[in-house]
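Observations on the three-dimensional arrangement
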Amino acid sequence: MSNSELRRTSELQLLEMAQRFFDAAADQLGLEEPLRELLRYPKRKLTVIFPVQMDDGSVRHFEGYRVQHHPVLGPTKGGIRYHPQVTIEEIEALAVLMTWKTAVVSLPLGGAKGGVRCDPTQLSLGELERMTRRYANEISPLIGPDIDIPAPDLFTGEREMAWIVDTISMHHQGQYMPGLVTGKPLVLGGSEGRDTATGRGGFFIAQETLKHLKRSLKDARVAIQGFGKVGSNLAHFLQQGGAKVIAVGDVRGGVKNEAGLDIAALQRHVKESGSVVEFPGSEAISNEDLLELEVELLFPAALENQITVDNAERIKAQMVIEMANGPTTWEADQLLYERGTLVVPDILANAGGVTVSYFEWVQDRSFYFWTAELVDRRLKRVMVKAFHKVLTTHLQHRVEMRTAAYMVAIDRVAQAARARGLYA
Ligand code: GLU
């Protein structure tokens, strides 16, 4: 199989996987067929192909996407990712996950996702800006503060959000529209705590998971796959809370220290060298071996399809908390459940990001900004409440935490869809 065929199989898997998780929860809920049909597929899918002028004067075409899964509860919401292997199927699957993610934490939003197939590390700053502005223009018929609100995802951040909001505002006689995207710089109406929100939310979930299993964070052994914005912030909060982060990895490889890595020093090393590899005082470890370490807590915080039938039997962590979207396959999830490993699913564990995005959107709409303490307190309240709702469902119905999270989410969306009825 060629690389592109292999990749295609894994995207289909992600979409298929999201549907299997959906079906398992829908069966438990006894969801009626018309609602299953309605919620199984995205409502809108847009593919755009657009030209960008490169620095050498040539013109290159890029393919981009925006998919909206369901706006039953409110405007749709979700990030935009830049990655060389992004496809429409992957974006569809991720848009579906966003609906369940916003619903499980009770936000009045639906799910969406966007992306551009590109290698951002190979583009100059000027090329990146021209590509971002042109993509924003291409998807502009579908987005808006009351319709669909983009945010950062893989390889996008404050800088890209600022370009997007500026581009679209220019189409509205220059009238600034802060509620159009979230994850903006503070000075443009961003929120305190948004940049660390996903890691912070994961930290609250880890605390609750440990409490449930009557374990303490103090000296708990932790491995984190991924040391981008999510993984590095999470590592910082866990270490502050007393945990021992013994291994972390990024695209170039991993590092390990049985006594616990110094996260602040590691963050400085990454800033200087661009990667965790060769961090002084650590041993090298592959990303595959990192997943199989003997730890209490394992956080996949990178890409999808990391825990599969090929390695699930060798996972020794007692708790797996999914900070990436879709890191565990359906079959691996079943295997881990049978072995008694507690897996806290992505739609719950990494919902901190979209929760503070929602706070940002609320602040932008009222032009009144909250303190970092208030954001943190409200984020904690949302995450803890959602965790306990999912935990209760998990215990009552004797299903995996993932099925329980999907049940909570689907039930909420289904109630709204029933109440709204059918417009004919
Ligand atoms: N991209 C993030 C996610 O996958 C955040 C989305 C948002 O803030 O809208 O949850």
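In the block above lies the structure referred to throughout.
Structural notes, computed from the coordinates. No experiment lies behind these values; they were computed from the predicted model shown.

Moving on, we get to a negative patch on the surface. A grouping of Glu158, Glu192, Asp195 and Glu373 is seen on the molecular surface, where their side chains present a negatively charged patch. With respect to the secondary-structure elements, glutamate 158 resides in helix H5 (residues 158–170).

What follows deals with the sheet that holds strand E5 (residues 148–152). Pairing in this open sheet of five strands is mixed, and the strands run E1-E2-E4-E3-E5 from one edge to the other. Pairing within the sheet leaves two strands with one partner each, and these edge strands are strand E1 (44–53) and E5. Adjacent strand axes in the sheet meet at a mean angle of 20° when their direction is disregarded. For strand E2 (residues 59–70) and strand E4 (residues 110–117), the ladder comprises seven bridges, and the chain directions are antiparallel. Each bridged residue has a counterpart across the sheet, and for glycine 64 the counterpart in E4 is valine 116. With respect to the sheet, helix H3 (residues 88–104) is in contact with E1, E2, strand E3 (76–83) and E4, its orientation differing from that of E4 by roughly 150°. On the sheet, helix H4 (residues 125–139) packs against E1, E2, E3 and E4 and is oriented at approximately 145° with respect to E1.

Not every one of the 14 residues close to the ligand is listed here, only the nearest: Lys77, Lys101, Pro152, Asp153 and Ser357. Backbone polar atom of proline 152 to a nitrogen atom of the ligand: 2.9 Å apart, as the coordinates give it. Expressed as a share of its isolated accessible area of 290 Å², the protein-covered part of the ligand is 94%. A per-class count over the shell around the ligand returns four nonpolar, five polar and five charged.

Right, let's talk about the packing of helix H6 (residues 197–212) against helix H13 (residues 372–397) for a bit. The geometry of H6 relative to H13 is characterised by a closest axis approach of 9 Å and an angle of 45° between their N-to-C directions. Relative to H13, the element H6 lies oblique. At the point where H6 passes H13, the crossing takes the right-handed sense. Side by side, H6 and H13 meet where Ala197, Arg200, Gly201, Phe204, Ile205, Gln207, Glu208, Thr209 and His212 of the first sit next to Asp376, Leu379, Lys380, Met383, Val384, Phe387, His388, Leu391 and Leu395 of the second. When the residues that make up the contact of H6 with H13 are grouped by side-chain class, the tally is nine nonpolar, five polar and four charged.

With a phi close to 55°, lysine 214 is a non-glycine residue in the positive phi region. Secondary-structure assignment places lysine 214 in the loop between H6 and strand E6 (221–225). Accessibility expressed as a relative area gives 76% for lysine 214, which makes it exposed. Here the phi dihedral of arginine 398 falls at roughly 50°; this positive angle occurs in a residue that is not glycine. Relative to the helices and strands, arginine 398 resides in the loop between H13 and helix H14 (401–420). Residue class for arginine 398 comes out exposed when judged on its relative accessible area of 71%.

On any regular strand, side chains alternate: one points to one face of the sheet, the next to the other face. Among the eight residues in E3, eight count as buried, and that is most of the element. Of the pairings in the sheet, the one linking E3 to E4 comprises six bridges and is parallel in character. Along E4, the bridge assignment pairs lysine 77 with glycine 111. Crossover connection from E3 via H3 to parallel E4: handedness right-handed. With five bridges connecting them, E3 and E5 associate as parallel partners.

One finds Trp100, Ile224, Leu238 and Phe299 to be the most contacted residues of the largest nonpolar core, which totals 89 residues. Ranked by the residues each element gives to this core, the list is headed by H14, at 12 residues. Counting residues in hydrophobic clusters, the runner-up holds 24 residues, among them Met54, Cys118, Val165 and Met177.

Any two side chains of opposite charge can pair if their charged atoms end up close together. Applying the stated criterion across every chain yields a total of 30 salt bridges. Glutamate 258 serves as the salt-bridge partner of arginine 221, at 3.1 Å between the closest nitrogen and oxygen. On the criterion of sequence distance, the pair formed by arginine 221 in strand E6 and glutamate 258 in the loop between strand E8 (253–256) and helix H8 (263–273) is long-range, its members being 37 residues apart. The partly exposed category is assigned to arginine 221, whose relative accessible area is 22%.

Between H6 and helix H12 (residues 352–366), whose axes approach to 7 Å, the crossing angle comes to 120°. In terms of axis orientation, H6 runs oblique to H12. The two elements H6 and H12 cross, and the hand of that crossing is right-handed. Residues Ala197, Thr198 and Gly201 of H6 form the contact with H12, whose own contacting residues are Gly352, Gly353 and Val356. The residue inventory of the contact of H6 with H12, partitioned by class, reads two nonpolar, four polar and no charged.

Reading the values: rules and limits
- Residue positions are given per chain, counting from 1 as you read along its sequence in written order.
- Thresholds applied to this predicted model are a pLDDT of at least 70 for local features of residues and 80 or more for the giving and counting of side-chain atom pairs; totals over whole chains, interfaces and linings are not thresholded and use all residues.
- Just so you know, side-chain values use all the structure's heavy atoms and leave hydrogens and water out.
- Like-charged residues within 9 Å of one another, or nonpolar side chains (Val, Leu, Ile, Met, Phe, Trp, Tyr) within 5 Å, are grouped into patches, provided each residue has over 30% relative accessible area and no salt bridge.
- To measure how exposed things are, a 1.4 Å probe is used in the Shrake-Rupley method; for residues, cover is taken only from the protein chains shown.
- By definition, a salt bridge exists where a carboxyl oxygen of Asp or Glu is found within 4 Å of a side-chain nitrogen of Lys or Arg.
- Two residue types count as positive, namely Lys and Arg, and two as negative, namely Asp and Glu; His and chain ends fall outside the count.
- Positions of charges follow a simple convention, taking NZ of Lys, CZ of Arg, CG of Asp or CD of Glu.
- Segments assigned H or I by DSSP are reported as helices when at least four residues long, segments assigned E as strands when at least two residues long, and all are numbered from the N terminus.
- Pairs of strands are assigned from DSSP output, requiring at least two bridges between the strands.
- Axes here mean lines fitted to C-alpha atoms, for a helix over just the part in contact, with angles spanning 0 to 180 degrees between N-to-C directions.
- The contact rule is simple, with two residues in contact once any of their heavy atoms fall within 4.5 Å.
- The rule for a residue being near a molecule or strand is that one of its heavy atoms must lie within 4 Å of it.
- Two N or O atoms form a polar contact when they lie within 3.5 Å of each other; inside protein one atom must be a possible hydrogen donor and the other a possible acceptor, and for residues adjacent in sequence the pair counts only when both atoms belong to side chains.
- Under the scheme applied here, ten amino acids are nonpolar (Ala, Val, Leu, Ile, Met, Phe, Trp, Tyr, Cys and Pro), four are charged (Asp, Glu, Lys and Arg), and all others, including Gly, are polar.
- Under this scheme an angle from 65 to 115 degrees is roughly perpendicular, one under 35 degrees roughly parallel, and one over 145 degrees roughly antiparallel; angles in between are oblique.
- Here a crossing is taken to be left-handed if its near helix is turned anticlockwise relative to the far helix by less than a right angle, and right-handed if that turn runs clockwise.
- Exposed residues in this analysis have more than 50% of their type's maximum accessible area, buried residues have under 20%, and partly exposed residues fall in between, with area computed by a 1.4 Å probe over protein chains only.
- For crossovers, right-handed means that the path from the first strand over the helix to the second runs clockwise, given strands pointing away from the viewer.
- Among buried residues, those of type Ala, Val, Leu, Ile, Met, Phe, Trp, Tyr and Cys that are joined through side-chain atoms within 4.5 Å constitute a nonpolar core.

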